[in-house]
Amino acid sequence: MCTQVKPPEKSNLMDNSTTTKNNPYYSRTDRTKLNVPNSEWKKILPEEVYAVAREAATERPGTGKYNVYDELGEYYCAVCGNHLFRSDAKFSSTCGWPSFFEADKEGTSYNRDSTLGMERIEVVCKRCDSHLGHVFNDGPPPTGTRYCMNSVSLEFVPDSKTK
């Protein structure tokens, strides 16, 4: 189950231009591993993005901008621009957070998470190690997995803007 650690403010922005504008590490093409200290990320990222991505906070359920969102396109890490998900792997899980049944294997990695007295698998960006959410084994076919993600950790680019 996805649970709240800290309640970041809800953002109504459908783009993360405030995240990328002054971020020298942001790139949708560079997959080079980043080793940036949190003190540097804190200067660059908006407070709500920093809280979730760097301190593993969680959005309140049902408040994320991509929770009920079904446009076709690509999802990237809001912190560094790394590719994470394709929209056709997104499904309505009704858990309160955007859910995907498959992730970009080159974009995500995993950590054991024993916080809050639970055993979970944390999903992080493979490039910048930012917290994205958790993965569970209660998803739909074909994978049976549910990637329960925080909208604030994601940036969406519609297919209409990439063609």
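Residues numbered from 1 in each chain as written. Predicted model: local features only at pLDDT ≥ 70, side-chain atom pairs only at ≥ 80, totals over all residues. Heavy atoms only, no water.

Participant: Could you give an account of the overall build of the protein chain, naming the residues involved and the relevant values?
Facilitator: What the protein chain contains, in helices and strands, is 4 helices and 9 strands. The order of α-helices and β-strands along the protein chain, N terminus first, is α-α-α-β-β-β-β-β-β-β-β-β-α. Burial status across the protein chain gives 54% buried among its 163 residues. Relative to all contacts within the protein chain whose residues are 6 or more apart in sequence, the contacts with residues 24 or more apart total 61%. Carbon and sulfur atoms make up 51% of the accessible area of the protein chain, which totals about 8200 Å². (Helix = DSSP H or I, 4+ residues; strand = E, 2+ residues; numbered from the N terminus. Buried < 20%, exposed > 50% of the residue type's maximum accessible area, 1.4 Å probe, protein only. Contact = heavy atoms within 4.5 Å. Areas by Shrake-Rupley, 256 points an atom, 1.4 Å probe, with all protein chains shown as cover.)

Participant: Break down the confidence of the model for the protein chain for me, with residues and values.
Facilitator: Regions with low pLDDT carry predicted coordinates that are not meant to be interpreted in detail. On average, residues of the protein chain carry a pLDDT of 89, and 87% of them reach 70 or more. Considering only residues more than four positions removed or in separate chains, one finds that residues 3-14, a stretch of pLDDT under 50, has 33 contacts. (pLDDT = per-residue confidence, 0-100.)

Participant: Account for the sheet that holds strand 2 (residues 83-86), with residues named and values stated.
Facilitator: Pairing is antiparallel in the open sheet, where 3 strands are placed in the order 2-1-9. Looking at which strands have only one partner, the edges of the open sheet turn out to be strand 2 and strand 9 (154-158). For this sheet, the mean inter-axis angle between neighbouring strands, taken without regard to orientation, is 30°. In this structure, strand 1 (residues 73-77) lies alongside strand 9, joined through 5 bridges in antiparallel fashion. In the strand pairing of strand 9, Gly73 is matched with Pro158. (Pairing = 2+ DSSP bridges. Axes fitted to C-alpha atoms, helices over the stretch in contact; angles between N-to-C directions.)

Participant: Requested: an account of the state of the cysteines, with residues and values cited.
Facilitator: Tallying each qualifying case throughout the model produces 0 disulfides. Cys95 forms no disulfide, and the closest cysteine sulfur to it belongs to Cys148, at a distance of 3.6 Å. Under the relative-accessibility criterion, Cys95 is labelled partly exposed at 23%. With no disulfide partner, Cys125 has as its closest neighbouring cysteine sulfur the one in Cys80, 3.5 Å distant. Take Cys125: its relative accessible area is 0%, and that puts it in the buried class. (Disulfide = S-S within 2.5 Å.)

Participant: A description of the pairing of strand 1 should follow, citing residues and the corresponding values.
Facilitator: The buried fraction of strand 1 amounts to 5 of the 5 residues, a majority that puts the element mostly inside the structure. Here strand 1 runs beside strand 2; their pairing, made up of 3 bridges, is antiparallel. Across the sheet, residue Glu74 finds its bridge partner in strand 2, namely Arg86.

Participant: With reference to specific residues and values, describe the sheet that holds strand 5 (residues 108-113).
Facilitator: One open sheet accounts for 6 strands, arranged 3-4-8-7-6-5; its pairing is antiparallel. What marks the edges here is a single partner per strand, and that holds for strand 3 (90-91) and strand 5. Here strand 5 pairs with strand 6 (residues 120-125) via 6 bridges, running antiparallel. Pairing of Tyr110 across the sheet is with Val123, part of strand 6.

Participant: Lay out the side chain of Ser99 in plain terms, naming residues and giving numbers.
Facilitator: In this fold, Ser99 is placed in strand 4 (residues 99-100). A polar side-chain atom of Ser99 sits 2.8 Å from a polar atom in the side chain of Ser93. A polar contact is formed between the side chain of Ser99 and the backbone oxygen of Trp97, at a distance of 3.3 Å. In contact with Ser99, other than residues within four places in its own chain, are Ala89, Lys90, Phe91, Ser93, Arg146, Tyr147 and Cys148. (Polar contact = N/O pair within 3.5 Å; in protein donor to acceptor, adjacent residues only side chain to side chain.)

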